[in-house]
Amino acid sequence: MNVTNCPGYTLGSLEESDTGLTAQLTLAGPACNAFGLDISALTIEVTYQSQSTLHVKIYDTANQQFTIPESVIERPTAPTTSYTSSSDLMFNYDAMPFAFWITRRSDPGAMPLFDTRTSSLPPTPIPPFNASDPSTAFGGFPLVFEDQYLQVTSALPYGTNIYGLGEVVASSGFRRDIGTDGGVGTIQTLWSLGVSDPIDQNLYGSHPIYIEHRYNATTGKASSSGVLLLSAAGSDIFLQTPPNSKVSLIEYRMIGGILDFYFFSGPTDAEVISQYGSVIGYPMWQPAWGFGFHLCRWGYHNISDDRENVAQMRAAGIPLEVQWNDIDLYHAYRDFTTDPVSFPGDELREFIQELATNHQHYIPIVDAAIAVTRNSTDVYDPFTRGVEEDVWIKNPDGSLYIAEVWPGYTVFPDWFSENMLSVWTDSLKNWTEMGVEFSGIWLDMNEPSTFCSYSCGTGANFSSVGPLTDVSSVVVGYPECYNETLWGPSGNMTINGTSTYSCGTSSSSVTAIERRGVGTGSEQSVNLSSPPYAIHNAAGSLNQHSLATNATHYGSYAELDVHNMFGFMEAKTTNLAVQSILPGKRPFLIGRSTFPSAGKWTGHWLGDNYSKWQYMYFNIQGVLQFQIYQIPMVGADTCGFNDNTDEELCNRWMQLSAFMPFYRNHNTNGALPQEPYRWPSVANASRIAIAARYALLPYWYTLFANASMAGLPPIRALFYEFPDEPELFTVDKQWLVGSDILVTPVLIPGATTVEGIFPGRGSVIWRDWYTHAVVDATSGGNTTLDADISHINVHIRDNSALLLHQEPGYTIYETREGPYALLVSLNTAGTAFGTAYVDDGISFPPGPSRGLTFQAAEGTLEIESQGEYTIKQKLKTITVLGVQKPTQVTLQGSPVGGWTYKEATEELMVSNVTIDLNGQLTTLAWK
């Protein structure tokens, strides 16, 4: 059970081509069979995908190991241009024992970006860094490729900066603990798990992508690169620096699949993220209304309560864009239903149409589990239609896999089924006809999460277990080999001395389970239920709180191989369904479990967090993580989900979330109500923050257009924009919206000031969003800022030009109908630059658009406009910061009378103009 004596591989039969090379790898000695059977014959394919992306794929030559199908995640097409001699990334190898390393053509003397040579790694054996966990030892670093265990290790520069590898709530912050500077290192487990936001454990999503931000202290310069291991396998990824080692390391330990690496050369962090997006797909287009404020509550309430909440929000003057409903919407907790007493269909339709009349929107929840009918008189079309169309996940013997979730006994959709899309689409469409005229969909519990282990309902009396009446408790079901109708409710292994094991030796036996399907399901020696290498799953067994790993999917895929993709595949199916139900409109989806390429189909919320100050801080690192993962529409449950919030925490969190992409307040059943109108101070802070958010909507919208078109991250860590300033590498209590807006929230109770760093080391002018005053910032260190209870510090970077909505309204529609304003912040050289992307905000695929460019230099601002979309709103106000008091201001060469100047902020304001933003070059000059 260790790899100390594993022989590694020898490379031979190499063939080069214009785009890369192909070679064979053979086992270099006697098989070690550490955690399975060594595979003796491998193939390596190296493809120079572009000048910035290198693909290295190592797979079993027999093609028995599971590989993510192209139908699930589309890969880039094969290059038609040769990049072998021009790519910044270079593939190097040793033939015996086989090892490879990746270097930069532009910096050949630097330490490789990825290096699997044993000589580059610390000497082994290395004792466990966790004395109570023997698996944290490193016995050796050979390439291991077995049917149920793969291992590959790379050296990293000592103490380098690693970001990504999630989803995780990391105690170390956004920068991962690599075992230096007093850290203990990281074990990042990838196994999607539906648990309430634990710290330093695996969570809802699986994202095996990291950025390395490498700083050269000698030159004072940094560059970034990225590594993706595109695999759905359950995995442990170790980041560690062994004692007395001169290098750090990353080690991948996987319980299946193949080694499918993509390397990204950057060299900036934003470029790495963009290059990753070019491989797995750029994010979905967001509707403009999605950037509004969303409100949800889980609790025993009814449609009258929702109406009252909407009315109270309007009375308090707090903008509300979207009303959501949690599972109390359902009848008996069944998807695609409404409770006939609390949410009767006709009343719900009327309420949703009232929202629509006011240009507001409605989003309901969809859980992953579908209720099983309890008896012959029970009518539930989604389940029975699914049985007819054969779309539910099965046991290995072909019977339905039956779990237990909120509605009682349930089945799970099989997204591989060729009929699944039509069944899912019809279920959603029928729901709308019943009154649930949704604008978007919320996908929850899609890890997928269950309340029992194995197929606990197989052979059970369905009428004995109905919907959970106490949603605060977990119902424990029975394993598939215990028949409660025969043996009663105890669940004991023996009763009166007789074994209760009831599976027998039929086709559902373990032997049959191990030999069914493709991937691990077809390999003769594998253990589907308990793989020999135990990844550090927070729930323990892989079969806890999740589908059992021996469940089977259409096409004979085993759950062990495809588990991590369930939530992403649900999002993809739901997105396609919504496209057909709401034709011509952009789908808006928010999901919990994600995987590479999920951002093409859904946004994400950070799951079941806690109403604690610590979790408000964790909110920031979570959003920063998901920018790397190409899922930029992300945010936390504002004010916290679990436990009770309080006035001060909710106040600060409502302000913080106003500068995050997805902005929703949501709390748990039975908790203190936390709608922002509940406390006057929270209402006041919310109005101020949301007004700023809505004013900035053209800027947000442009950032997300750039994400959808080029994969660029809307939310950025400070060092993305200032890569050569090491004091920023661990900063995760501040963030940038795009490149030009710096946010510094209060994250501790009782504070009336906040410490924040202003990047640029004095070379950048930062101006206050509200007052436009220049900050007297400490160069390279923290500056103390006032922050009373209603104030979140927001600052504008110089050399920027921001298109704004001049009159933020109650809804996004009202806001977009109003006039524009332009805010220009000059640097010391008197220059500024900005862009804006404008379209109708709803059409899908996106229709005509218009691109605006704002450029200032030498006392002149030019506005250029290109595109086919007609902007009907006029630009009414232009504010230029950093101007010496002019004596004359002209617009299109003619003097302007309506201008003012503020000496204290060097602020020129030109108001009451009417500038058409469609086509003609506009010039504003001052002298």
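Summary of the structure given here. It should be emphasised that the depicted structure is a prediction, and the values quoted were computed from it without experimental measurement.

### Looking at the overall build of the protein
Assigned secondary structure in the protein consists of 15 helices and 50 strands. Relative to the 2.2 N^0.38 estimate, which gives 30 Å for 927 residues, the radius of gyration of the protein is 29 Å and therefore close to what a compact globule would have. Here the protein holds 927 residues, and 63% of them are scored as buried. Total accessible area computed for the protein in this model is approximately 31,900 Å², and 50% of it derives from carbon and sulfur atoms.

### Overview of the nonpolar core
Grouped together as the largest cluster of nonpolar side chains are 189 residues, with contacts concentrated most on L428 and M565. It is helix α10 (residues 613-628) that provides the largest number of residues to this core, a total of ten residues. When sequence neighbours within four positions are dropped, the list of residues in contact with L428 reads F336, V366, F438, I441, T574, A577 and I581. With 44 residues, the next largest nonpolar core counts L190, V227, L259 and F263 among its residues.

### Here we look at the side chain of T702
Structurally, T702 is set in helix α13 (residues 697-710). Here T702 is in contact with T835, A836 and Y837, once residues within four sequence places are set aside.

### Section: unusual backbone geometry
A negative phi holds for most residues other than glycine; trans holds for most peptide bonds. In this structure, the amide linkage connecting G266 to the following residue, P267, adopts the cis form with an omega of 10°. Looking at where P267 falls in the secondary structure, it is placed in the loop between β16 (259-264) and α1 (269-280). Here E447 and P448 are connected by a cis peptide whose omega angle stands at 0°. One non-glycine residue, N63, lies in positive phi territory at about 55°. Residue placement: N63 occurs in the loop between β4 (53-60) and β5 (89-95). Its relative accessible area of 54% is what places N63 among the exposed residues.

### Digging into the state of the cysteines
Per the stated rule, a full pass over the model turns up three disulfides. Sulfur-sulfur distance for the disulfide between C6 and C32 comes to 2.0 Å. One quick way to see it: the torsion about the S-S bond of C6 and C32 is about 80°, and its sign makes the bridge right-handed. Separated by 26 residues along the polypeptide, C6 in the segment before β1 (9-16) and C32 in the loop between β2 (20-27) and β3 (41-48) bring together distant segments of the chain. What makes C6 buried here is its relative accessible area of 10%.

### As for α1
Three or four residues apart is the spacing at which side chains of an α-helix point the same way, because the helix has 3.6 residues per turn. In this model, α1 (twelve residues) spans 17 Å end to end at C-alpha, consistent with the 16 Å of a helix rising 1.5 Å per residue. Burial analysis of α1 places ten of its twelve residues in the buried class, which makes it a mostly covered element. The positive-phi residue at the C-terminal boundary of α1 is G281, with phi of around 110°.

### Observations regarding the sheet that holds β16
The sheet built from eight strands is open, its strands ordered β1-β2-β3-β4-β16-β13-β12-β10 with antiparallel pairing. If you trace the sheet from one side to the other, it starts and ends with β1 and β10 (161-166), each paired once. With strand direction ignored, the average angle separating the axes of adjacent strands in the sheet is 15°. Contacts from α1 reach β4, β12 (207-216), β13 (221-229) and β16, with the element oriented near 20° to β13.

### A word on the packing of α10 against helix α11 (residues 647-657)
In contact at an axis separation of 10 Å, α10 and α11 are set at 5° when each is read in the N-to-C sense. Regarding the angle of α10 to α11, the classification is roughly parallel. Mapping the contact onto sequence places W613, Y615, M616, N619 and I620 in α10 and E648, L649, R652, W653, L656 and S657 in α11. A class-by-class count of the residues in the contact of α10 with α11 yields seven nonpolar, two polar and two charged.

### Comments concerning the pairing of strand β39 (residues 793-797)
β39 sits mainly inside the fold: five of its five residues count as buried. Neither face of β39 is open: one carries N793, H795 and R797, the other V794 and I796, and all of them are buried. For strand β35 (residues 741-744) and β39, the ladder comprises four bridges, and the chain directions are antiparallel. By the bridge assignment, L742 is partnered in β39 with H795. With three bridges joining them, strand β37 (residues 766-768) and β39 adopt antiparallel strand pairing.

### Quick look at the environment of L802
As for its position among the elements, L802 is in strand β40 (residues 800-805). Here the alpha-carbon distance between L802 and G760, two residues 42 residues apart in the chain, equals 20 Å. Contact partners of L802, with chain neighbours within four places excluded, come to L696, Y699, D740, I741, I796, A821, L822 and L823.

### Some remarks on the packing of aromatic side chains
Tallying each qualifying case throughout the model produces 53 aromatic pairs. Taken together, F91, Y93, F98, F100, F114, Y252, F261 and F263 form an aromatic cluster joined through their ring pairs. A cation over an aromatic ring shows up here: R253 above the ring of F238, its NZ or CZ 4.1 Å from the ring centre.

### Details of the sheet that holds strand β7 (residues 114-115)
Within the open sheet, the three strands sit side by side as β5-β6-β7. Their pairing is antiparallel. Sheet topology places β5 and β7 at the edges, where each strand pairs with a single neighbour. Bridging between β5 and strand β6 (residues 98-104) involves seven bridges; their strand directions are antiparallel. Residue pairing for β6: M90 is matched across the bridge by T103.

Cut-offs applied
Residues numbered from 1 in each chain as written. Predicted model: local features only at pLDDT ≥ 70, side-chain atom pairs only at ≥ 80, totals over all residues. Heavy atoms only, no water. Helix = DSSP H or I, 4+ residues; strand = E, 2+ residues; numbered from the N terminus. Rg over C-alpha atoms; globule rule 2.2 N^0.38 Å. Buried < 20%, exposed > 50% of the residue type's maximum accessible area, 1.4 Å probe, protein only. Areas by Shrake-Rupley, 256 points an atom, 1.4 Å probe, with all protein chains shown as cover. Core = buried A, V, L, I, M, F, W, Y, C linked by side-chain atoms within 4.5 Å. Contact = heavy atoms within 4.5 Å. Disulfide = S-S within 2.5 Å. Expected span 1.5 Å × (residues − 1). Pairing = 2+ DSSP bridges. Axes fitted to C-alpha atoms, helices over the stretch in contact; angles between N-to-C directions. Parallel < 35°, antiparallel > 145°, perpendicular 65-115°, else oblique. Nonpolar A, V, L, I, M, F, W, Y, C, P; charged D, E, K, R; others polar. Phe/Tyr/Trp six-rings, centres within 6.5 Å; stacked < 30°, edge-to-face > 60°. Lys NZ or Arg CZ within 6 Å of the ring centre and 35° of its normal.

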